[in-house]
Amino acid sequence: MMKSANAEHEKKIAAIQSVSLVKNGMVVGLGSGSTAVHMIRKLGEEVGKGLSIKGVPSSEKTAQLAKDLGIALISLEKAGKLDINIDGADEFDPQFRLIKGGGGALLWEKILAHNAKLNVIIADSGKKVNALGKFKLPLETIPLATPTIRAQLIEMGLKPVIRKRDGKTFRTDENNCILDVDIFGVKDIDRLNRTLIEMPGVVETGLFLKTTDLIIMGQGDETLFLRNDREREPSSK
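Residues numbered from 1 in each chain as written. Predicted model: local features only at pLDDT ≥ 70, side-chain atom pairs only at ≥ 80, totals over all residues. Heavy atoms only, no water.

**Q** Honestly, the packing of aromatic side chains in this entry has me stumped. Any pointers?
**A** We describe a pair of aromatic rings using the distance from one ring centre to the other and the angle between the two ring planes. Applying the stated criterion across every chain yields a total of 0 aromatic pairs. Sitting above the plane of the F208 ring, K100 keeps its charged end 5.4 Å from the centroid. The lysine or arginine in question, K110, covers the ring of F208, its NZ or CZ lying 4.9 Å from the ring centre. (Phe/Tyr/Trp six-rings, centres within 6.5 Å; stacked < 30°, edge-to-face > 60°. Lys NZ or Arg CZ within 6 Å of the ring centre and 35° of its normal.)

Written out as structure tokens, the structure is:
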């Protein structure tokens with residue numbers, strides 16, 4: 001229980017710290033998941049004090065929370081580029097590569113990350129790993145193709161499991177399925193990602209390999225700023 005309580009504290013202080021990067025007039029990508037909830041609540045407090053921003057949500061759940069807190073929302077189409085995108089992660093490694101999608105919002109999350117000038121990840125220290133794969137990798141798949149994709153993944157030794165919720169097949173905000181696969185021990189993550197995304201019916205993977213600019217990590221009572229100095233791909237600038 002102590003570890004869980006500490007993780008929640010670390011999430012909260014990282015999330016609160018991230019809001020200090022948000023300035024008047026910004027368009028802000030609003031992530032999804034338990035850590036992002038802390039960020040959105042703090043952002044709502046600041047909006048209540050006069051901060052003027054517009055948010056672009058990464059899930060229906062996030063959109064509802066933001067609305068409840070009085071945060072003005074706009075579509076990504078109207079926003080164009082996001083000034084900043086703040087989101088959580090299920091894992092991150094020393095190369096700033098992430099696994100995301102534990103909450104099932106990976107597709108919208110990756111779209112926002114791709115269209116942001118600055119990508120900030122907020123996390124507790126338990127999300128830091130030496131190698132990705134302790135957390136199962138989510139794949140968003142078209143329902144029609146999910147059974148055949150699952151069969152291919154079994155042949156690859158990736159032990160796919162169709163995500164369920166309340167005894168029913170989980171569906172994303174785009175009405176797709178999620179396959180959670182075991183990539184523990186995979187050495188070439190980039191190659192695996194290319195292989196998976198090329199499978200017809202795979203909409204997106206939960207591997208975020210080249211989008212992260214800054215990780216704010218809670219550690220005990222401190223927050224650490226981990227900056228990625230590597231140049232981002234031109235398409236992400």
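**Q** Is there a simple way to think about the sheet that holds strand 8 (residues 161–162) in this case?
**A** Sheet strands line up and pair through hydrogen bonds in the backbone, either parallel or antiparallel. Overall, antiparallel pairing links the 4 strands, which are arranged 8-11-7-12 in an open sheet. Among the strands making up the open sheet, the edge pair consists of strand 8 and strand 12 (202–205). With 3 bridges joining them, strand 7 (residues 137–141) and strand 12 adopt antiparallel strand pairing. When the sheet's bridge partners are listed, L139 is paired in strand 12 with T205. (Pairing = 2+ DSSP bridges. Helix = DSSP H or I, 4+ residues; strand = E, 2+ residues; numbered from the N terminus.)

**Q** For this particular structure, what's the right way to read the nonpolar core?
**A** One broad trend across soluble globular proteins is that nonpolar side chains are buried collectively. Of all hydrophobic cores here, the largest spans 22 residues; its most connected members are V22, V28, L30, M39 and L43. When contributions to this core are tallied by element, the ones reaching two or more residues are helix 1 (2–19), strand 1 (27–30), helix 2 (34–48), helix 3 (60–68), strand 3 (84–87), strand 6 (119–124) and strand 14 (214–219). Those residues in contact with L43, other than ones at most four positions away along the chain, are V19, V22, V28, L30, L51, I53 and I71. Membership of the second largest hydrophobic core comes to 19 residues, among which are L139, L153, M199 and L209. (Core = buried A, V, L, I, M, F, W, Y, C linked by side-chain atoms within 4.5 Å. Buried < 20%, exposed > 50% of the residue type's maximum accessible area, 1.4 Å probe, protein only. Contact = heavy atoms within 4.5 Å.)

**Q** How do you make sense of the side chain of E140 when you look at a structure like this?
**A** Within the secondary structure, E140 sits in strand 7. Here E140 is buried and forms no salt bridge, its nearest opposite-charge partner R163 lying at an N-O distance of 8.8 Å. A polar atom in the side chain of E140 sits 2.9 Å from the side chain of N176. Those residues in contact with E140 that lie beyond four places of it in its chain are G104, L106, L107, T172, E174, N176, C177, I178, G201, V202, V203 and E204. (Lys, Arg positive; Asp, Glu negative; His and termini not counted. Salt bridge = Lys/Arg side-chain N within 4 Å of Asp/Glu carboxyl O. Polar contact = N/O pair within 3.5 Å; in protein donor to acceptor, adjacent residues only side chain to side chain.)

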